[in-house]
There are 2 protein chains.
Amino acid sequence: MKEIGIGLLGAGTVGRGLIEILETEGERIASRTGVRPVLRRVADRSFQKKPVLSAYAPTASIDEVIDDPSVELVVELMGGLDPAGTAILKALRAGKSVVTANKALIAARSAEIFEAIAEGRKKNPATTIGFEAAVGGALPLVRNMRLIWSAGGMQRMVGILNGTCNFIITRMQDDGMEYAEALKLAQQKGFAEADPSFDVSGKDAAQKLAILSMLAFDVSVRDSDIVVEGIESFHRVDHELARKMGRVIRLLAIARRVDDRLLLRVHPAMIPANHLLADVRDEFNALFIEERYAGPSLIVGRGAGALPTAAAVLSDLVAIGSGSANRWVGDLQPLKSLEDARYRFYFRFRTVDRPGVLARIAGVLAEHDISIATMHQEEGREPVDVVIVTHEASESAVRSAVSKIDGGEIILAPTVVIRMEDNPDASL
Amino acid sequence: MKEIGIGLLGAGTVGRGLIEILETEGERIASRTGVRPVLRRVADRSFQKKPVLSAYAPTASIDEVIDDPSVELVVELMGGLDPAGTAILKALRAGKSVVTANKALIAARSAEIFEAIAEGRKKNPATTIGFEAAVGGALPLVRNMRLIWSAGGMQRMVGILNGTCNFIITRMQDDGMEYAEALKLAQQKGFAEADPSFDVSGKDAAQKLAILSMLAFDVSVRDSDIVVEGIESFHRVDHELARKMGRVIRLLAIARRVDDRLLLRVHPAMIPANHLLADVRDEFNALFIEERYAGPSLIVGRGAGALPTAAAVLSDLVAIGSGSANRWVGDLQPLKSLEDARYRFYFRFRTVDRPGVLARIAGVLAEHDISIATMHQEEGREPVDVVIVTHEASESAVRSAVSKIDGGEIILAPTVVIRMEDNPDASL
Ligand SMILES: NC(=O)c1ccc[n+]([C@@H]2O[C@H](COP(=O)([O-])OP(=O)(O)OC[C@H]3O[C@@H](n4cnc5c(N)ncnc54)[C@H](OP(=O)(O)O)[C@@H]3O)[C@@H](O)[C@H]2O)c1
Ligand SMILES: NC(=O)c1ccc[n+]([C@@H]2O[C@H](COP(=O)([O-])OP(=O)(O)OC[C@H]3O[C@@H](n4cnc5c(N)ncnc54)[C@H](OP(=O)(O)O)[C@@H]3O)[C@@H](O)[C@H]2O)c1
């Protein structure tokens, strides 16, 4: 087991999410990954107001945490350009690895950060930075850019990268709300800030697109390289008109190779209603990519929130802590498997056309405690299809009922049995 | 730059895909990841028939490749339980890391493999195995199980894990084919083997589910722990009946926590037609998960094929080769950005109700070389909405046309302009 001493800067929404995961799942993380992240120190400007921190020698001094010899890795979750930037550069130069969720900083100061890493590696060759949480929360985008899509064949990325905008747009689309009303609802639900302008202007999505483009295309992107339009300008009626054209509106962040140049855009766009991205609703984020070798891929998930973002931070801790000694399998337990499960079932009985057939089928189902939700018989000549959807019933009861029914002479072909899966949730 | 010497066992579909990527993208991979995988030796039982291998000192002897001191990492792409199993165990015990796409072997012999790794680490502490390609081809599932979903809070996994079955099912659903006809088409397209029984019986999906369950829930799963039903039993008419209920049929691989037990199933299921998984068509694979911290997530992509599978193999090479010194950013190039792009546009002009308004708008568009595909005017009192969809036009032309139109006194509110994105492809 490898312990790794963590110093946390900033115990706000995400920082406290991380503390919650480490406190609840510390043992399991260690057993699963071979790495035990141990929180040693926390710096927060208002640590006195945060009782959960008392176990971690809290201080208001950022330097105290970075300089603490028991801190091997610094997690920066204060946000903003400074003092976060100064802190990250200092830790890296000292040969301490850094994990951060700070997209603004990565987008603005990546060159300096990578220089600081080079300097830190003179002291500690393993010095590195992880910023999985900076783009798309719990969606594994940063890591995949460098690992799964490592051959560099990225052709196109189309993302829904801002949950606030997507929430507002899909409420306008599905509930016929106007922009102001949907924004208010987003604020009530905690999906939008009191001042939402950074999100609704498209600037947040543009920062994320800049980071993804750096990773995918090996280019450095400034804010001004991306054409950005927000979502404030269109109205409910535009959703209705889009629907008439078989389309829906989404705020898309797009990067596309065109010959040897790159098109970088964030803007509302109408996409076909039957496209996978059209089913990405509410606060969810998504990235669709096309890569020369891996092909087209889509990743959908929670782009923000305390725990999803903290899960991404944790993924960097584990990756950095484990190095190449990846522990693909933890301590295995014997399986406790569920032998009999309950479902709603669809049956299609292919039967003779004779009085009493339905009564016979219904009788056997009743004997086995299988209750019928809907029954339907197609008109026509023999063979006749009788279609039944049941209420929840157990697999074992269904197995024995169907084998009894199929054994009789009223059935002309093996009965088709299909489970109904209402989960996963249609709205994801 | 870190070179890593590779020995390849088996140069078939995936093996030659890997050679193609390494030959084409070697430099780019090195610059992006800091790791240069160098293919040193190849073993293949019919290497004489494969001229591409001549550059890599080909041999029929597996041992010769494993024992070669220039080979630091062994890539096993022969398939089957043996000699692949013997080869992998030997390499690991010798302290050489292994990368494989062999799901049958991982599902059947994981315990032995992990013991061999423990033994190998006595010689070389970095000894490890990568099998990202064994489940879901280019979908980053294995890695995410241990990295993004590392806290162990997996609640549920619902996957479409067999491309052959999904191709057959969606052809039956969309083109009204019967099973035999859809299977034949799958065989013609190379999506199904001459003997398709391993796929269509659900057994292939069950093996993948066993591996994912091991990674997600830390349990060891045998084939017999999973209830498996294939896709041979239902007919076109069941798709029609499903459609009437607002559902579609998919072969799902399901793992779900129920109290302290696990439900593991592979079977056809009816899912709501508006669910994201219902849009996963043809040979694509997908995994929907629900994890306590990360939340619900979906990953969709190519589950098989030479290049997608080879891309996953490459991801393991890079991960193992780079260790913790992840190179998140390669050698950055200056951005060549595309300043002006062409789209089809949607305009909504809010106008006064007066003769000549349409002529004025159409005139300005024509002046700017913007040609109209459809024009539509809502009936009603002032203000009147004029909706126009254009053929492809340049952003700069649109910007100046709209500013000219909005400058006139016929316009009552700023014109709404939305780009039409026909890509990404609706079928994914
Ligand atoms: N929240 C999300 O869903 C999400 C998602 C993705 C990425 N992120 C990123 O994660 C980072 C943290 O976000 P958050 O939502 O957790 O922010 P937050 O709730 O505002 O937390 C920031 C914490 O840092 C403390 N702090 C700020 N400046 C400090 C300073 N100079 N010295 C010491 N402590 C300081 C704050 O103290 P006070 O309590 O006194 O303000 C607060 O406890 C940001 O970079 C953000 O962009 C967040
Ligand atoms: N193809 C896919 O899309 C895909 C997707 C996911 C995972 N995989 C996995 O990837 C692995 C390779 O699949 P594949 O499609 O590339 O198979 P393949 O085309 O059959 O290639 C296997 C290669 O290994 C050679 N070989 C077999 N046994 C050997 C032995 N005993 N000694 C030396 N060489 C031997 C074969 O030679 P011959 O030419 O003489 O047969 C052939 O060149 C399998 O584990 C498979 O399950 C494949």
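Because the structure is predicted, anything quoted here is derived from the model rather than measured.

## Considering the side chain of Arg 171 of chain B
All names here are of chain B.
And step 1. Position of Arg 171 among the secondary structure elements: in helix H6 (residues 163-175).
And step 2. Look at Arg 171 and you get buried, because its relative accessible area is 13%.
And step 3. Those residues in contact with Arg 171 that sit more than four places away from it in its chain are Gly 176, Met 177, Ala 182, Leu 185 and Asp 282.

## Some points on the relation of the copies chain B and chain A
And step 1. Placing chain B over chain A gives an RMSD of 0.1 Å and needs a rotation angle of 180°, together with 0.0 Å of translation along the axis. In the structure described here, the two chain copies are related by an operation that fits a two-fold rotation axis.
And step 2. Most of the interface of chain B is mirrored in chain A: 100% of its interface residues are interface residues there too.

## With respect to the UniProt feature "binding site: NADPH" (unreviewed entry) in chain A
Residue and element names in this part refer to chain A.
And step 1. Here the UniProt feature "binding site: NADPH" (unreviewed entry) sits at Lys 103.
And step 2. Topologically, Lys 103 is positioned in helix H4 (residues 103-123).
And step 3. Lys 103 gets classed as partly exposed once you look at its relative accessible area, which sits at 22%.
And step 4. Apart from the residues lying within four places of it in its own chain, the contact partners of Lys 103 are Ala 134, Asp 204, Gln 207, Lys 208 and Ile 211.

## A word on the environment of Pro 58 of chain A
All names here are of chain A.
And step 1. Looking at the secondary structure, you find Pro 58 in strand S3 (residues 58-59).
And step 2. According to the relative accessible area criterion, Pro 58 is partly exposed, its value standing at 25%.
And step 3. If we ignore the near neighbours within four places in the chain, the residues touching Pro 58 are Val 42, Phe 47 and Leu 53.

## Observations regarding the pairing of strand S17 (residues 384-390) of chain B
All names here are of chain B.
And step 1. In terms of burial, S17 is a largely internal element, seven of the seven residues being buried.
And step 2. Taken together, the six bridges between strand S15 (residues 342-351) and S17 define a ladder with antiparallel strand orientation. Looking at the pairing, Thr 351 lines up with Val 384 of S17.
And step 3. Two strands pair when backbone bridges link them, and strand S16 (residues 372-377) and S17 are joined in this way by five bridges, in the antiparallel orientation. Each bridged residue has a counterpart across the sheet, and for Ile 372 the counterpart in S17 is Thr 390.
And step 4. In textbook terms, the turn of a hairpin is the stretch between consecutive antiparallel strands, and for S16 and S17 this stretch comprises six residues, one of which, Gly 380, has a positive phi near 140°.

## Things to note about the site of ligand 2
Residue and element names in this part refer to chain B.
And step 1. Around ligand 2 lies a shell of 21 residues, among which Val 14, Asp 44, Ser 46, Lys 50 and Gly 305 are the nearest.
And step 2. Take Gly 12: an N or O atom from its main chain is 3.3 Å from an oxygen atom of ligand 2.
And step 3. Between Arg 45 and ligand 2, the recorded distance is 2.9 Å, taken from a side-chain N or O atom to an oxygen atom.
And step 4. When the free accessible area of ligand 2 is taken as 890 Å², the share hidden by the protein chains comes to 74%.
And step 5. Tallied by class, residues from the shell around ligand 2 come to nine nonpolar, eight polar and four charged.

## Some remarks on the UniProt feature "binding site: L-homoserine" (unreviewed entry) in chain A
Residue and element names in this part refer to chain A.
And step 1. The positions UniProt marks with the feature "binding site: L-homoserine" (unreviewed entry) are Glu 193.
And step 2. Mapped onto the elements, Glu 193 comes out in the loop between helix H7 (179-188) and helix H8 (197-200).
And step 3. Residue classification places Glu 193 among the exposed residues on the basis of a relative accessible area of 53%.
And step 4. Apart from residues no more than four positions distant in its own chain, Glu 193 is found in contact with Gln 187 and Asp 199.

## Notes on the packing of helix H3 (residues 84-93) of chain A against H4 of chain A
All names here are of chain A.
And step 1. The geometry of H3 relative to H4 is characterised by a closest axis approach of 7 Å and an angle of 20° between their N-to-C directions. Taken together, the axes of H3 and H4 are roughly parallel relative to one another. The crossing of H3 and H4 is right-handed. Along its contact with H3, which presents Ala 84, Gly 85, Thr 86, Ile 88, Leu 89, Leu 92 and Arg 93, the element H4 presents Leu 105, Arg 109, Glu 112, Ile 113, Ala 116, Ile 117, Glu 119, Gly 120 and Lys 123.
And step 2. Of the residues assigned to the contact of H3 with H4, the class counts are eight nonpolar, three polar and five charged.

## Some points on the interface of chain B and chain A
And step 1. Taken together, the contact between chain B and chain A spans 133 residues of the former and 133 residues of the latter.
And step 2. The contact between chain B and chain A buries some 11700 Å² in all, and 58% of this surface belongs to carbon and sulfur atoms.
And step 3. Between chain B and chain A we count 10 salt bridges in total.
And step 4. Its salt-bridge partner being Glu 395 of chain A, residue Arg 265 of chain B comes within 2.6 Å of it at the nearest N-O pair.
And step 5. Counting across the chain B and chain A interface gives 34 residue pairs in polar contact (both at pLDDT 80 or more).

## Focus: the site of ligand 1
Residues and elements named next belong to chain A.
And step 1. Taken together, 21 residues surround ligand 1, and among them Val 14, Asp 44, Ser 46, Lys 50 and Gly 305 come closest.
And step 2. With respect to ligand 1, the backbone of Arg 45 contributes an N or O atom lying 2.9 Å from a nitrogen atom.
And step 3. Between ligand 1 and the protein, one listed contact pairs an oxygen atom with a backbone N or O atom of Gly 305 at 2.7 Å.
And step 4. In isolation ligand 1 has 900 Å² of accessible area, and contact with the protein removes 74% of it.

## Looking at the packing of H4 of chain A against helix H9 (residues 203-217) of chain A
All names here are of chain A.
And step 1. Contact pair H4 / H9: the axes reach a minimum separation of 8 Å and the direction vectors enclose 35°. Of the residues in H9, those in contact with Lys 103, Ala 104, Ile 106, Ala 107, Ser 110 and Phe 114 of H4 are Asp 204, Gln 207, Lys 208, Ile 211 and Met 214.
And step 2. A class-by-class count of the residues in the contact of H4 with H9 yields six nonpolar, two polar and three charged.

## Considerations on the packing of aromatic side chains
And step 1. Summed over all chains, the structure comprises eight aromatic pairs over all chains.
And step 2. Plain terms: the ring middles of Tyr 343 of chain B and Phe 345 of chain B are 5.9 Å apart, the flat faces sit at 70° to each other, and that makes the pair edge-to-face.
And step 3. Its relative accessible area of 2% is what places Phe 345 of chain B among the buried residues.
And step 4. Among the aromatic residues, ring-to-ring pairing joins Tyr 343, Phe 345, Phe 347 and Phe 349 of chain A into one connected group.
And step 5. Arg 171 of chain A extends its terminal NZ or CZ atom over the ring of Phe 167 of chain A, reaching a point 5.9 Å from the ring centre.
And step 6. The side chain of Arg 419 of chain A reaches across the aromatic face of Tyr 343 of chain A, ending 5.2 Å from its centre.

## With respect to unusual backbone geometry
Residue and element names in this part refer to chain B.
And step 1. The linkage connecting Asp 82 with the following residue, Pro 83, adopts the cis geometry, with an omega of 10°.
And step 2. Among the secondary structure elements, Pro 83 is positioned in the loop between strand S4 (73-76) and helix H3 (84-93).
And step 3. In the segment running from Glu 382 into Pro 383, the intervening peptide bond is cis, with an omega of -5°.
And step 4. Unlike most non-glycine residues, Asp 369 shows phi in positive territory, near 65°.
And step 5. Position of Asp 369 among the secondary structure elements: in the loop between helix H12 (357-367) and S16.
And step 6. For Asp 369, a relative accessible area of 69% corresponds to the exposed category.

## Remarks on the pattern of salt bridges
And step 1. Counting across every chain of the model gives 65 salt bridges over all chains.
And step 2. Members of the salt-bridge network, linked through shared partners, are Arg 171, Asp 174, Asp 175, Arg 281 and Asp 282 of chain B.

Quick notes on the rules
- Residues numbered from 1 in each chain as written.
- Chains lettered and ligands numbered in written order.
- Predicted model: local features only at pLDDT ≥ 70, side-chain atom pairs only at ≥ 80, totals over all residues.
- Heavy atoms only, no water.
- Helix = DSSP H or I, 4+ residues; strand = E, 2+ residues; numbered from the N terminus.
- Buried < 20%, exposed > 50% of the residue type's maximum accessible area, 1.4 Å probe, protein only.
- Contact = heavy atoms within 4.5 Å.
- Least-squares fit on C-alpha atoms with pLDDT ≥ 70 in both.
- UniProt positions renumbered as here; feature names shortened; annotations may be inferred.
- Pairing = 2+ DSSP bridges.
- Near = heavy atom within 4 Å.
- Polar contact = N/O pair within 3.5 Å; in protein donor to acceptor, adjacent residues only side chain to side chain.
- Areas by Shrake-Rupley, 256 points an atom, 1.4 Å probe, with all protein chains shown as cover.
- Nonpolar A, V, L, I, M, F, W, Y, C, P; charged D, E, K, R; others polar.
- Axes fitted to C-alpha atoms, helices over the stretch in contact; angles between N-to-C directions.
- Parallel < 35°, antiparallel > 145°, perpendicular 65-115°, else oblique.
- Left-handed = near helix turned anticlockwise from the far one by under 90°.
- Buried area = accessible area lost by both parts, 1.4 Å probe.
- Salt bridge = Lys/Arg side-chain N within 4 Å of Asp/Glu carboxyl O.
- Phe/Tyr/Trp six-rings, centres within 6.5 Å; stacked < 30°, edge-to-face > 60°.
- Lys NZ or Arg CZ within 6 Å of the ring centre and 35° of its normal.

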